[in-house]
Amino acid sequence: MTEKSFIPLGDGFFHQLADKKRVFAAAAQKAENAGREDVLRAIGKSVLDEDDFVLLTSPAASRELEALAERALSETLRRFGRAKQLFAPLYLSNYCTNSCVYCGFHAGPGIKRKALSPDEIETELKALAATGLRQVLLLTGDAPKRTGGSYIALAVDMAARYFPTVGIEVPALTLEEYAQIAKAGAGSMTMFQETYDQRLYARLHPAGPKRVFANRLDAPHRALMAGIRQVNFGVLLGLGDWRFDVFMMAAHARFLQRMFPEAETAFSLPRLRPIGERKNGGDENGRVFVPSPVKDRDFVQALTALRCFVPQAGITLSTRESAFMRDRLLPLGVTKISAGVCTGVGGYAQPAPEKTVQFFIDDERSVDEMRDSLGKLGFQPVFSDWLLPEKGELPLSQALRRSLGDLGHHKSRAPF
Amino acid sequence: MDNSAQAPLQTAEDPLFIGGVGLKSRLFLGTGKLGREELIPEIVAAAGVQVITVALRRVDLSDKSGNVLSHIPVHVQLLPNTSGARTAEEAVRIARLARACGTGNWIKIEVINDSVNLLPDGYGTAKATEILAKEGFVVLPYINPDLYVARDLVNAGAAAVMPLGAPIGSNRGLRTKEMIRILIEEIDLPIIVDAGLGVPSHACEAMEMGAAACLINTAIATASDPVHMAEAFGLAVAAGRAALLAGPGRSLVAGASASSPETGKLTAFLEANAASG
Amino acid sequence: MEQKTKELVINGESRLCAAHSLSDLLKELGLGESAVVAEINGKIVSRQDFAVTILAFGDKIELARFVGGG
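What comes next is a walk through the structure. All of these numbers come straight from a predicted model, not from anything done at the bench. Residue positions are given per chain, counting from 1 as you read along its sequence in written order. Key to labels: chains lettered from A, ligands numbered from 1, both in the order written. Totals for whole chains, interfaces and linings use every residue, but because this is a predicted model, local features are given only for residues with pLDDT of at least 70 and side-chain atom pairs only at 80 or more, for both listing and counting. Working from all heavy atoms in the structure, the side-chain values ignore hydrogens and water.

Right, let's talk about helix α6 (residues 200–209) of chain B for a bit. Residue and element names in this part refer to chain B. Each residue's exposure class comes from its accessible area (1.4 Å probe, protein chains only) as a fraction of the maximum for that residue type: buried when under 20%, exposed when over 50%, partly exposed otherwise. Runs of H or I in DSSP of at least four residues are treated as helices and runs of E of at least two as strands, each being numbered from the N terminus. Within α6, 7 of the 10 residues are buried, which leaves it mostly tucked inside the rest of the structure. For α6, the full list of buried residues reads Pro200, His202, Ala203, Cys204, Ala206, Met207 and Met209. Packed against the buried residues of α6 are α5 (177–186), β9 (192–194), β10 (213–216) and α8 (226–246). Where α6 ends, the next residue or the one after it, Gly210, has phi of about 115°, a positive value. Contact between two residues is taken to exist if any of their heavy atoms lie within 4.5 Å; hydrogens are not considered.

Take a look at the structure:
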């Protein structure tokens, strides 16, 4: 598949891109002349529209960050109470045929490659489950032959025996592969578009299957068609214009939410840290490509504006952020965080081999420590998202889908 | 449609498109209980009404006088309803009969099997909508403001959705305001509030919220002076619409007060952390 | 041709009518054609066919028209 040969979904977000870019450009220009009253008015609206969102992520709104944070706080409390979900990622493999300029896993020498065998996956799952976590996120690099759809489905199937909630964060798969994975027990998928700026995207992904922008863009849509219930969107902050990328990401999510009203949409805000910091997992020289580092203040603005614009969406904060930041961002919109994390391959049953990490962790709290921290901060650690029976019975999502009829149809069911 | 003459309270700049027709007035008129149907032309003139609903009934062979159509100006868009239908099948039959009259293909679907409160049957309505939309009708279904039913109607090919504000004839206003607000946000079709609006301020409120139009029957028909009441409704609908388009100002956000001692607390850590950017 | 009177069921009532076609019936009943829609034995008759629709003994005819409604 190449960029030229790939045909995006006819009713997919790809065909909205041009229009959304225009909306952003017009709203951003309007925001240049916005005053304090305009910003406060937008913050006070019960339902925000796209123009409001662009205003709230603009430099004008940065001056009213406290008011924005207050709204985000109240919105988070109202929708989610004090519950914060805990999970951990399990990297199954770091084999990767892409050459993403910014990533610790990119193809090339200097990194030790490993893919867990089924037995090793089982061992890791057992160890992770022993920490008390009930939600796991399975990750792989992009190596279709070695760790493609069926490898992932097998891992999901195994994970579903230990964890009621299993998510995947893997390369863009086909509709059939997502259906297989949904059947195996995956309740969510995570797909970071990285950036919605197509020219920048092309420069950042010079080789490998990930090059095909539209294929990645349509992946969440395919996953929803296949019956996966929750989709997690994300952009890598630090690559392009964060205001543009966060806007497009939110527009992408709202577009699919409208098309699949029963689905859950969520966001992540992974942020690349500036060059020179060892805590970023770069190449063997410690160099990482971060063209436009995002300052803390802008990061908070992105999070709080997003919380106000898409109030029902979960927002995940990874261990790229420090414990200091994570603790202070939890009240402002974050609803899910990881704990006891290893970003190398495996690493729970026994330490991961050196030099296999995707990025360096800046919050090393264990599950128990995180549970205590959350309690002290006044939050309620939540391990299980929905009430799900143990493996062997149909997970609620599958039973519900079955009663709705066809797994493949994404339009809401006919009236009779 | 007569495009040349523009009645008062009509606006050409903000048309409401339904079934390919650009309506200049967002006040729809119901003619039930009016009694004095000869008032209709005056009402149309005073309020700028462009859409009028009528019902279909058996001809009373012992009293053949009266044909409401003779009082309705030619340029008005007729919206027959399927009142009397208790099932989808009955609604479909009435719709086809109405179309056979030769006055157009718009139809308002009412499927009501509840004599006490006259609440509509959403399931039957959706069923009838799907059948009639396929036959080329411009379908405006009347429903309880239920998001799932509304979505089914979108999929069934409705041209608009008509949620009730309150039970028919109750004149109690926007009792279902929150639910209608959700429809306005979530449904990509014109939302026309129908039933229960009792005074012009109700209609104004509905339009400020983002409703596409209001259908008023009882409040006008049973007023002492229906013509001037219709005019008042026309003004109210226009006012509410104009207010929406003008972009209302800020209302206070609960808890966000400048004098609150909590101010500055949530993001203060950013100043402290500024060095590490 | 002899005009026989036929028994027809019109709007649920039995009537003896001399009318040959639907148009004739409407004239006999004193109803203007333009205001009325008609159904015979469950099938809608379009207005242009009124004159050529011949009535048969026992036909169930529904005649309806628009009235004020909400």
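Here we take up the interface of chain C and chain B. With 24 residues of chain C in contact, the opposing surface of chain B contributes 33 residues. Accessible-area loss on putting two parts together, using a 1.4 Å probe and summing over both, is the definition of buried area adopted here. For the pair chain C and chain B, the summed buried surface comes to about 2,400 Å²; carbon and sulfur atoms form 59% of the total. Residues adjacent in sequence count toward polar contacts only when both atoms are side-chain atoms; beyond that, a polar contact is any pair of N or O atoms within 3.5 Å, and within protein one must be able to donate a hydrogen and the other to accept it. At the junction of chain C with chain B, the criterion picks out 15 residue pairs in polar contact (both at pLDDT 80 or more). Looking at the side of chain C that touches chain B, the elements with two or more residues in it are β3 (36–40) and β5 (60–68) of chain C. When residues of the side of chain C that touches chain B are assigned to their parent elements, the largest contribution, 7 residues, is made by β5(C). In the scheme used here, Gly and all other residues not listed as nonpolar or charged are polar, with Ala, Val, Leu, Ile, Met, Phe, Trp, Tyr, Cys and Pro taken as nonpolar and Asp, Glu, Lys and Arg as charged. Taken together, the residues that form the side of chain C that touches chain B break down as 12 nonpolar, 7 polar and 5 charged.

So, on to the packing of α6(B) against α8(B). Residue and element names in this part refer to chain B. The contact between α6 and α8 brings their axes to 7 Å, and the two run at 25°. One element, α6, and the other, α8, form an angle in the roughly parallel class. The chirality of how α6 crosses α8 is right-handed. Contact residues: α6 offers Pro200, Ala203, Cys204, Met207, Glu208 and Met209, while α8 offers Met229, Ala232, Phe233, Ala236, Val237, Ala239, Gly240, Arg241, Ala243 and Leu244. Taken together, the residues that form the contact of α6 with α8 break down as 13 nonpolar, 1 polar and 2 charged. As a rule, the C-alpha atoms of each element are fitted with a line to give its axis, helices using only the stretch in contact, and angles between N-to-C directions run from 0 to 180 degrees. The cut-offs work like this: below 35 degrees is roughly parallel, past 145 is roughly antiparallel, 65 to 115 is roughly perpendicular, and the gaps in between are oblique. The handedness criterion is simple: a crossing whose near helix is rotated anticlockwise from the far helix by less than a right angle is left-handed, and one whose near helix is rotated clockwise is right-handed.

Our next topic: the pairing of strand β3 (residues 27–30) of chain B. Residue and element names in this part refer to chain B. Going residue by residue along β3, you find Leu27 and Leu29 tucked away on one face and Phe28 and Gly30 tucked away on the opposite face as well. At least two bridges found by DSSP between two strands is the condition for calling them paired. Where β3 and strand β4 (residues 51–58) come together, 3 bridges link them in parallel fashion. Across the sheet, Phe28 pairs through a bridge with Val51, a residue of β4.

All names here are of chain A. An expected span of 1.5 Å times one less than the residue number is assigned to each helix. If you check helix α11 (residues 213–225), its first and last C-alpha atoms are 19 Å apart, about what 13 residues at 1.5 Å a residue would give, namely 18 Å. A maximum bend of about 40° is found in α11 at Ala219, where proline Pro220 lies one to four positions downstream. Following α11 by one or two positions, Gly227 adopts a phi angle in the positive range, close to 105°. Across the chain, bend at a residue is computed as the angle between axes fitted to the seven residues ending at that point and the seven starting from it.

Read these as geometric descriptors, not functional statements.
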